[in-house]
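Residue-level structural notes
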Amino acid sequence: MERAGSGASSPTRLLRLDGTATTLLLIARRTGLPEIAYWGTRLPQTLDAEAVFALRAPDTPNNGPDNWRPLITVLDTIGQWNFDLPGLLADRPDGTGWTADFQTKSLETSPGALTVHGLDEISGLEVEIIITLGLEDVLCTRQTLTNRGTTPLNVQRFISGNYLLPENAGEFRVAHGSWAREFDFQPVSLTQGGLVIESRRNRSHDHYPAILAGTSSTSQNSGMAYAAHLGWSGSHRIAAERMEDGRLRLSVGEYLYPGEVILAPGETLTAPPAYATCSSEGYAGCARAFQAYARSSIIRWPGGRMKPRPVLLNSWEGNYFDLDERRLMREADAAAELGVERFVLDDGWFGSRRDDTKGLGDWFAALAIFPNGLRPLSDHVHAHGMQFGLWYEPEMANPNSDLYRQHPDWALHVRGRPMLTSRQQIVIDISRKDVSDYLFAAISKQVTDWRIDYIKWDFNRDLIEAADAQGRAAYRKQVLALYALWDRLHEAHPELEIESCASGGGRADWGALAHTQRIWLSDNTSAPSRLRIQNAGWHFVPPEVTGCHISHSPNWMDGLSTTLDYRAAIAIFGHLGVELDPLTLPADESRRLKAWIALHKRLRPVLHSGNAQFADDEPARIIRGVTSRDASTGIYLVAQENWPPSRLPAPVRLPGLARERLYRITVPAPQTIGGHRPSDAQQKLFGDGLVLSGAMMSDIGFYLPALQPQSALVLECHAI
Ligand code: DGJ
């Protein structure tokens, strides 16, 4: 009878990957794929491998298996004493091939990277798993599965990343939501059993493809925190499981519909990349790691470098479908006067699209509105030195459109069943070459002819019974075709930027971000909601790629009235936009808006490159900010959501500044002092400022003049 660490399970090699502050340890054994032995804070450079092997060798229960196997390997499969949620589900037409026992055929290591080749000769399966860990402390896993058998392999699940969490890290935060309520973190505590989060619509309003985990004492700034994310814009599955022996594992991967992946002999399936990080600095530490990695390794800027994010005006909430060329030109004039740098014309400019019932898919200018096409408006915008952006929803069509009348066979639906529409539209099969060629040609020509600098790419419905012309599920190939189309447009137009929008934040994942330069976090532009949505979203994506707009008050969605200062203070931390009719703004609001845009431009070099800070504060208030990488500057938002629990709110404590350094802290214009009989110190904040050390600001804190619910202040700290 085999014991842990002896016989076939004997360890042969200790493998390690190090980031700046974290380490992943794997144990290669004589049999099976490498075991995940540890993932957490960085371990000393020299580790005694034998000692680690000893640590990872528990006893076996009385009635346990006679062939010991570690429970958590880089890819857990059915078989070999694995009763946990399998990372691979597949079988062959004759019913074989459903178990897998991969043997490690080769292990290649290089600094920061590990490649594992596994082979199961009986089942005819081969895997390649590449794990990297770099300076930002983000594990990236890329894996492929190859059918080495002689019959087709029907794959129902092939995960992208598998993680071992410490036993006490069973407190999860799941980014659930719905349209206009994206990134609504919900706590889930896992004592035993499984937690499965699946999104099956090719949009992720319901569940963002990421998860946070921590212990019962993990906070924004302390305790071990873990985060995982799937870089994929299609259906997905996140699964956490606490085994009967207490071990806790987490996996992320695609959700595959039946029949979507049938590998012919020799064919390979490449899973979307999985990303994970952990930090001893709480959830904020994970956010900083993810933001840094997204900046260094995910986002691709035209020209290779991010240019200052242009403040934009989007026409949607100011005009909806009521478009008029001359008026739009006047809006562009007013926008330029406000300091706007990019003018974006939203839905309604094409075909017969005067509302959302018809014309979608007819990508030619509506001649009744734009008799000479879009070039005159584009020229008008460019004459102000602004960029021109245009809205498209290329993957869709209204049944009442020329496109659908000419190509009814392009629709994704089950032939013979009634066509299922949503927002009066259908999805077209862009994985067909003729369809993607058509879209590419139409859009590419307009980008050139109309001098389009930026595309807002929308996607306004879920995939429902998305069958291709042969009746097969087409969810997965639709995503791959989308990525290919985006890349093709970027190649043809190297300066073009694209925004990924899907009725708001339905496509805000790193899969989309690897092919676009902006994501629209939510259609909900109401400041109190945005405060929460952005707070949660910035745990996964950096602010400079998230559209954050100042819109009209009262807000169209929830009817709430808020001050312009409140809306602006919340929006300026992201990629700032204005989504209102600038011609109807009262003069005072125009003046203040112009001042806020100027403030944003002055602060954006730090806001869009620094380290994210999230304070642990009282529930009625949110304090967050960004510190420059050298900690010489900190920009913070203090936003009062509700009445504080006591007359005096808790002192404001700002995380992330250098403890020993002195900073001048001010409340920059156009903000003005409020509150009742403010103290001298508070008045100074709105004037020359106060000089305080980083430690004083983070530990002792200071009192701001009382903030009413739904008001906020932006604070600026500069080292002196
Ligand atoms: C949904 C988007 O999220 C909105 O911003 C707007 O572009 C509309 N679609 C237009 O139909």
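Residues numbered from 1 in each chain as written. Predicted model: local features only at pLDDT ≥ 70, side-chain atom pairs only at ≥ 80, totals over all residues. Heavy atoms only, no water.

As for a nonpolar patch on the surface
A contiguous nonpolar surface patch, about 270 Å² in accessible area, is contributed by Leu662, Val691 and Ile720. With respect to the element layout, Ile720 can be found in the segment after strand 35 (711-719). (Patch = residues over 30% accessible without salt bridge, like charges linked within 9 Å, V, L, I, M, F, W, Y side chains within 5 Å. Areas by Shrake-Rupley, 256 points an atom, 1.4 Å probe, with all protein chains shown as cover. Salt bridge = Lys/Arg side-chain N within 4 Å of Asp/Glu carboxyl O. Helix = DSSP H or I, 4+ residues; strand = E, 2+ residues; numbered from the N terminus.)

Examining the packing of helix 10 (residues 527-537) against helix 11 (residues 564-571)
One can describe the packing of helix 10 onto helix 11 by two numbers: an axis separation of 10 Å at closest approach and a directional angle of 15 degrees. Between helix 10 and helix 11, the angle is such that the two are roughly parallel. Of the two possible hands of crossing, helix 10 and helix 11 adopt the one that is left-handed. Residues Ala527, Pro528, Arg530, Leu531 and Gln534 of helix 10 touch helix 11, and the partners they reach there are Tyr566, Arg567 and Ile570. In terms of residue class, the contact of helix 10 with helix 11 is built from 5 nonpolar, 1 polar and 2 charged. (Axes fitted to C-alpha atoms, helices over the stretch in contact; angles between N-to-C directions. Parallel < 35°, antiparallel > 145°, perpendicular 65-115°, else oblique. Left-handed = near helix turned anticlockwise from the far one by under 90°. Contact = heavy atoms within 4.5 Å. Nonpolar A, V, L, I, M, F, W, Y, C, P; charged D, E, K, R; others polar.)

Considering the nonpolar core
In terms of nonpolar packing, the biggest core is built from 188 residues, with Leu145, Val155, Phe172, Leu345, Trp349, Leu374 and Leu377 touching the most fellow members. Each residue touching Val155, except ones within four places of it in the same chain, is listed here: Leu88, Leu89, Ala90, Leu145, Leu256, Val261, Leu263 and Leu269. One finds Val638, Val652, Leu685 and Leu715 within the second-largest nonpolar core, a separate group that totals 22 residues. (Core = buried A, V, L, I, M, F, W, Y, C linked by side-chain atoms within 4.5 Å. Buried < 20%, exposed > 50% of the residue type's maximum accessible area, 1.4 Å probe, protein only.)

So, the pattern of salt bridges
A pair can form between side chains of opposite charge whenever their charged atoms are brought close. What the rule picks out here adds up to 48 salt bridges. A salt bridge links Asp347 to Arg353; the shortest N-O distance between them is 2.7 Å. In this structure Asp347 comes out as buried when scored by relative accessible area, which is 1%.

Description of the packing of aromatic side chains
Throughout the structure, instances matching the rule amount to 28 aromatic pairs. Here the aromatic cluster, defined as three or more aromatic residues joined through ring pairs, consists of Phe183, Phe185, Tyr208, Tyr275, Phe290, Tyr293, Trp510 and Phe540. Positioned above the aromatic ring of Tyr255, the side-chain terminus of Arg200 is 6.0 Å from the ring centre. One Lys or Arg, Arg507, reaches over the ring of Phe459 and ends 3.7 Å from the middle of that ring. (Phe/Tyr/Trp six-rings, centres within 6.5 Å; stacked < 30°, edge-to-face > 60°. Lys NZ or Arg CZ within 6 Å of the ring centre and 35° of its normal.)

Remarks on the sheet that holds strand 2 (residues 22-29)
Here 3 strands make up an open sheet; going across it, the order is 1-2-3 and the pairing antiparallel. One side of each edge strand has no neighbouring strand; the edge strands of this open sheet are strand 1 (11-18) and strand 3 (35-41). Geometrically, the sheet is characterised by an average inter-axis angle of 15 degrees between neighbouring strands, direction not taken into account. Here 7 bridges tie strand 1 to strand 2, and the two strands are oriented antiparallel to one another. Bridge assignment links Asp18 to a residue of strand 2, and that residue is Thr23. (Pairing = 2+ DSSP bridges.)

As for helix 5 (residues 375-383)
Burial in helix 5 covers these residues: Leu377, Ser378, Val381 and His382. Buried residues of helix 5 fall within an arc of 135 degrees about the axis and therefore sit on the same side. In the stretch just after helix 5, Gly385 is the one whose phi turns positive, near 80 degrees. (Arc of directions from axis to C-beta.)

Observations concerning the site of the ligand
Within the structure, the ligand sits among 13 residues, and Asp346, Asp347, Lys456, Asp458 and Asp523 are positioned closest to it. Arg423 places a polar side-chain atom, nitrogen or oxygen, 2.9 Å from an oxygen atom of the ligand. Surface burial for the ligand is 97%, taken as the share of its 290 Å² of free accessible area covered by protein chains. For the shell around the ligand, the class distribution of residues is 4 nonpolar, 3 polar and 6 charged. (Near = heavy atom within 4 Å. Polar contact = N/O pair within 3.5 Å; in protein donor to acceptor, adjacent residues only side chain to side chain.)

Topic: the pairing of strand 6 (residues 113-120)
The two faces of a sheet get side chains in turn, since along a regular strand they alternate between them. A large share of strand 6 lies buried, amounting to 8 of its 8 residues. Residue alternation in strand 6 divides its side chains into two sets, Ala113, Thr115, His117 and Leu119 and Leu114, Val116, Gly118 and Asp120, and both sets are buried. Connecting strand 5 (residues 103-110) to the antiparallel partner strand 6 that follows it, the hairpin turn spans 2 residues, and Gly112 within it adopts a positive phi of roughly 80 degrees. Direction of pairing for strand 6 relative to strand 7 (residues 125-133): antiparallel, over a ladder of 8 bridges. Considered in strand 7, the bridge of Ala113 is made with Thr132. Turn length for the strand 6-strand 7 hairpin, with the two strands adjacent in sequence and antiparallel, is 4 residues, and the turn residue Gly124 shows positive phi of about 70 degrees.

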